[in-house]
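# Descriptive analysis of the structure
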Amino acid sequence: MAKGYWVAHVDVDDMERYKDYIAANAAPFAEYGAKFLVRGGPKEVREGATRARTVILEFKDYATAKACYDSVAYQAAKALRDPVSTGDMEIVEGYDG
């Protein structure tokens, strides 16, 4: 079964308040078995444009990745993130070929 992934590109406007989101997302990420593969860090854009911060989370499957995003706990965390950042995020199914 193919894994599921969240791929997010985020610009953070207020890192101090964004830390509240980071703290709040820990519980739903633990509940749904999320594993950080990329969490910020240095990068070099080779093509196109992107945001300052890239985050990639891995889940056991696509359905679990979607369920985590839709969960009450994650939506509460997201409400802390929205006023202090701008981002693009997609949930994708991994390649299992």
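Everything below is about the structure shown above.
Just so we're clear, the structure is a prediction, and the values are computed from it rather than from any experiment.

## A look at the packing of aromatic side chains
Think of a pair of aromatic rings as described by two things: how far the centres are apart, and how the planes are tilted against each other in angle. Taken as a whole and assessed by the stated rule, the structure comprises nine aromatic pairs. Measuring from centroid to centroid gives 5.6 Å for tyrosine 69 and tyrosine 74, while their planes differ by 40 degrees, and the two rings are tilted. Between the NZ or CZ atom of arginine 39 and the centre of the ring of phenylalanine 36, over which it lies, the distance is 3.9 Å. Over the aromatic face of tyrosine 21 sits the side chain of arginine 81, whose NZ or CZ is 5.5 Å from the ring centroid.

## Topic: the sheet that holds strand S3 (residues 53–59)
The pairing of strands in a sheet comes from backbone hydrogen bonds and takes either a parallel or an antiparallel form. Pairing is antiparallel across the open sheet formed by four strands, whose spatial order is S2-S3-S1-S4. At either margin of the open sheet sits one strand with a lone partner, and together these are strand S2 (35–39) and strand S4 (85–93). Across the sheet, the mean angle separating the axes of adjacent strands is 15 degrees when strand polarity is ignored. Of the pairings in the sheet, the one linking S2 to S3 comprises four bridges and is antiparallel in character. Along S3, the bridge assignment pairs phenylalanine 36 with leucine 57. The sheet contacts of helix H2 (residues 62–70) involve strand S1 (4–12), S3 and S4, and relative to S4 the element is tilted by about 150 degrees.

Criteria and cut-off values
- Residues numbered from 1 in each chain as written.
- Predicted model: local features only at pLDDT ≥ 70, side-chain atom pairs only at ≥ 80, totals over all residues.
- Heavy atoms only, no water.
- Phe/Tyr/Trp six-rings, centres within 6.5 Å; stacked < 30°, edge-to-face > 60°.
- Lys NZ or Arg CZ within 6 Å of the ring centre and 35° of its normal.
- Pairing = 2+ DSSP bridges.
- Helix = DSSP H or I, 4+ residues; strand = E, 2+ residues; numbered from the N terminus.
- Axes fitted to C-alpha atoms, helices over the stretch in contact; angles between N-to-C directions.
- Contact = heavy atoms within 4.5 Å.

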